[in-house]
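# Per-entry structural report
As a plain string of letters, each chain reads:
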Amino acid sequence: MQTAPETLYDSAYVQKLFNEMSATYGWVNLLSSFGFTWWWRRQCIRLAKLQHGARVGDFMSGQGETWHQIHKAIGAHGQIIGFDFSSGMVTLSAQNPMTRRGKVHISQQNALHTALANDSLDAVVAGFGLKTLSEHQMRSLAQEVRRVLKPGGTFSLVEISTPASKLLLWPYMFYLRYCIPIIGKLCLGNPDNYRFLAQYTQLFQNARRAQSAFQAAGLHTHYAELIFGCASAIYGYKE
Ligand SMILES: C[S@@+](CC[C@H](N)C(=O)[O-])C[C@H]1O[C@@H](n2cnc3c(N)ncnc32)[C@H](O)[C@@H]1O
């Protein structure tokens, strides 16, 4: 069963989806990706070229899955601010060891319109938040990233994608469509929620449209394909 795109990209709908998934997201994500998402986040952080002492916005931060890696890159004098609009995800991110150690400030906000001041961040990173954005929302995100980055500030965003090779695409989509919902159910989640992952991924394809949106917003943008296109990333800087 397919859900209409106007519903899929409705913010209230996405918030509800992640509220429901929040209790099982961490385990399902780790187990179902065989650790690949950990590796892709690491690539994403590397591409952001974070400096020691940097002030970094983690947009669509979930439960803080990237924070340990960001912290390693920016050191004790750096600052991480996590933005997520799902109350379920934000509540659980308060239990993340990085939050408990006072290393992260979490804010429940829409990443497309944050309360951040202009030119206030050294970098913006985002792991796996692009696929639930419509093309219009990607353009809003790009404008927001441009607004909040300091001149010279960097960004890097990664998302799972559909590989171009048909040999890989078929088993990959089969896995997303049928196996991940089973893993979700085994982890006591609602398999219907995990079924949407395949639909979002199929509609998203890859980060090329996000790249166009970021370029149109005036940001210098590069594109990277990870593991034969099973994930893609955009990264770059504001002049
Ligand atoms: C797939 S999870 C990714 C979480 C985490 N970044 C990671 O690497 O696993 C996507 C997250 O983005 C959040 N999200 C989606 N759209 C958002 C928006 N417009 N503003 C804030 N958060 C958003 C969801 O609530 C969810 O927690």
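Relevant structure appears above.
The notes below deal with the structure included here. (Residues numbered from 1 in each chain as written. Predicted model: local features only at pLDDT ≥ 70, side-chain atom pairs only at ≥ 80, totals over all residues. Heavy atoms only, no water.)

## Considerations on the overall build of the protein chain
Cut-off, in case you're wondering: Helix numbering and strand numbering both begin at the N terminus, where a helix is a DSSP run of H or I of at least 4 residues and a strand a DSSP run of E of at least 2. Our radius of gyration is a C-alpha quantity, and the globule rule it is checked against amounts to 2.2 Å times the number of residues to the power 0.38. For the exposure calls, accessible area comes from a 1.4 Å probe over protein chains only, and a residue counts as buried if that area is under 20% of its type's maximum, exposed if over 50%, partly exposed in between. Between two residues, a contact is recorded if the distance between any of their heavy atoms is within 4.5 Å. For accessible areas, the Shrake-Rupley method is used with a probe of radius 1.4 Å. Any residue's cover is judged against the shown protein chains and nothing else. Positive: Lys, Arg. Negative: Asp, Glu. His and the chain ends are not part of the count. For the purpose of locating charges, the reference atoms are NZ of Lys, CZ of Arg, CG of Asp and CD of Glu.
Along the protein chain, the regular secondary structure elements total 10 helices and seven strands. The C-alpha radius of gyration of the protein chain comes to 17 Å, within 12% of the 18 Å expected for a compact globule of 239 residues. With 239 residues in all, the protein chain has 56% of them scored as buried. The contacts of the protein chain with a sequence gap of at least 6 include a subset with a gap of at least 24, amounting to 74%. Here the protein chain displays about 11,300 Å² of accessible surface, and carbon together with sulfur accounts for 58% of that area. For the protein chain, the distance from the average site of its 22 positive side-chain charges to the average site of its 14 negative ones is 7 Å.

## Here we look at unusual backbone geometry
One non-glycine residue with positive phi stands out, namely K49, at about 50°. Following the sequence through the fold, K49 ends up in the loop between α3 (36-47) and β1 (55-59). On the basis of relative accessibility, which here comes to 56%, the residue K49 falls in the exposed class. Despite not being glycine, M60 has its phi angle at roughly 60°, a positive value. With respect to the element layout, M60 can be found in the loop between β1 and α4 (67-74). Here M60 falls in the buried class, since its relative accessible area comes to 18%.

## Concerning the pattern of salt bridges
Formally: Any carboxyl oxygen of Asp or Glu within 4 Å of a side-chain nitrogen of Lys or Arg constitutes a salt bridge here.
Enumeration over the complete set of coordinates arrives at seven salt bridges. Between K238 and D119 there is a salt bridge whose closest N-O contact spans 2.8 Å. Here K238 is found in the segment after β7 (231-237), whereas its partner D119 is found in the loop between β3 (104-107) and β4 (121-127), with 119 residues between them in sequence. Classification of K238 as buried rests on a relative accessible area of 7%. Overall, the relative accessible area of 40% leaves D119 in the partly exposed class. Two residues, K131 and E159, come together in a salt bridge whose shortest N-O distance is 3.1 Å. Remark: E159 occurs in strand β5 (residues 149-160) and K131 occurs in the loop between β4 and α7 (135-148); sequence separation between them is 28 residues.

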